[in-house]
Amino acid sequence: MLEMTREEFEELVAEALDRIPPELTRLMDNVAVFVEDEPPADDPELLGLYEGTPLTDRGEWYAGVLPDRITVYRGPTLRICESREDVVAETEITVVHEIAHHFGIDDARLHALGYG
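Note that the structure is a prediction, hence the values are computed from the model and not measured. (Residues numbered from 1 in each chain as written. Predicted model: local features only at pLDDT ≥ 70, side-chain atom pairs only at ≥ 80, totals over all residues. Heavy atoms only, no water.)

Enquirer: Looking at this model, I keep getting lost on the sheet that holds strand 2 (residues 48-51). Mind explaining?
Expert: Within a sheet, neighbouring strands are paired by backbone hydrogen bonds and run either parallel or antiparallel to one another. Here we have three strands laid out as an open sheet, ordered 1-3-2, and mixed in their pairing. Edge positions in the open sheet fall to strand 1 (31-36) and strand 2, since each of these has one partner strand only. Ignoring strand direction, the axes of neighbouring strands in this sheet form an average angle of 15°. Where strand 2 meets strand 3 (residues 68-73), four bridges bridge the pair, whose relative direction is antiparallel. (Pairing = 2+ DSSP bridges. Helix = DSSP H or I, 4+ residues; strand = E, 2+ residues; numbered from the N terminus. Axes fitted to C-alpha atoms, helices over the stretch in contact; angles between N-to-C directions.)

Enquirer: Before we go on, may I ask you to explain the packing of helix 1 (residues 6-18) against helix 4 (residues 84-102) in this structure?
Expert: Helices that pack against each other are described as a pair by the angle of their axes relative to one another and the distance between those axes. One can describe the packing of helix 1 onto helix 4 by two numbers: an axis separation of 9 Å at closest approach and a directional angle of 55°. Between helix 1 and helix 4, the crossing angle belongs to the class labelled oblique. Both helix 1 and helix 4 take part in a crossing whose hand is right-handed. Contacts between helix 1 and helix 4 involve Phe 9, Leu 12, Val 13, Ala 16 and Leu 17 on the former and, on the latter, Arg 84, Val 87, Val 88, Thr 91, Glu 92, Val 95 and Ile 99. Residue composition of the contact of helix 1 with helix 4, grouped by class: nine nonpolar, one polar and two charged. (Parallel < 35°, antiparallel > 145°, perpendicular 65-115°, else oblique. Left-handed = near helix turned anticlockwise from the far one by under 90°. Contact = heavy atoms within 4.5 Å. Nonpolar A, V, L, I, M, F, W, Y, C, P; charged D, E, K, R; others polar.)

Enquirer: It is not clear to me how helix 4 should be interpreted in this structure. Could you clarify?
Expert: Turn by turn, an α-helix covers 3.6 residues, leaving residues three or four places apart pointing in a common direction. If you check helix 4, its first and last C-alpha atoms are 27 Å apart, about what 19 residues at 1.5 Å a residue would give, namely 27 Å. Following helix 4 by one or two positions, Gly 104 has its phi on the positive side, about 90°. (Expected span 1.5 Å × (residues − 1).)

Enquirer: What is the right way to read the layout of surface pockets from this model?
Expert: Rolled over the atoms, a probe sized like a water molecule indicates the empty space that remains. A volume near 160 Å³ is recorded for the largest pocket. Forming the boundary of the largest pocket are Glu 45, Leu 46, Leu 47, Gly 48, Glu 90, Ile 93, Thr 94, His 97, Glu 98, Asp 107, His 111 and Gly 116. Sorting the residues of the lining of the largest pocket by element identifies helix 4 and helix 5 (107-112) as the ones contributing at least two each. The biggest single contributor to the lining of the largest pocket is helix 4, with five residues. Grouping the amino acids of the lining of the largest pocket by side-chain chemistry returns three nonpolar, five polar and four charged. (1 Å grid on protein atoms, 1.4 Å probe; cavity = no way out; pocket = protein on both sides within 12 Å on 5 of 7 lines; lining within 4 Å. Points joined across faces, edges and corners; volume = space filled by probe spheres on them.)

Honestly, it's all geometry; don't read function into it.
The following block contains the structure:
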């Protein structure tokens, strides 16, 4: 398995977020991004997870709720990558994938776009 500290991985996630076009990040609403070492035990290969209410599903009722949560998992990412460059690319794909869920884009469409 490729070695990378949590701090290094968090920096890669931050850099991936910085590469999201500003016109999209301005539209993101009530969402927080986290890095965890491992995903839930029932899905050990999960690279990222979006938990919340997509922007497309929010209505007048949406107020006073906790932020949506995007989590990127370090362990599985490092296990599938062979180099730092692979980790950079995979982290960027994962971040874009989870942000797309925030915008209401489903897995089928993301896979079709190459962000599966």
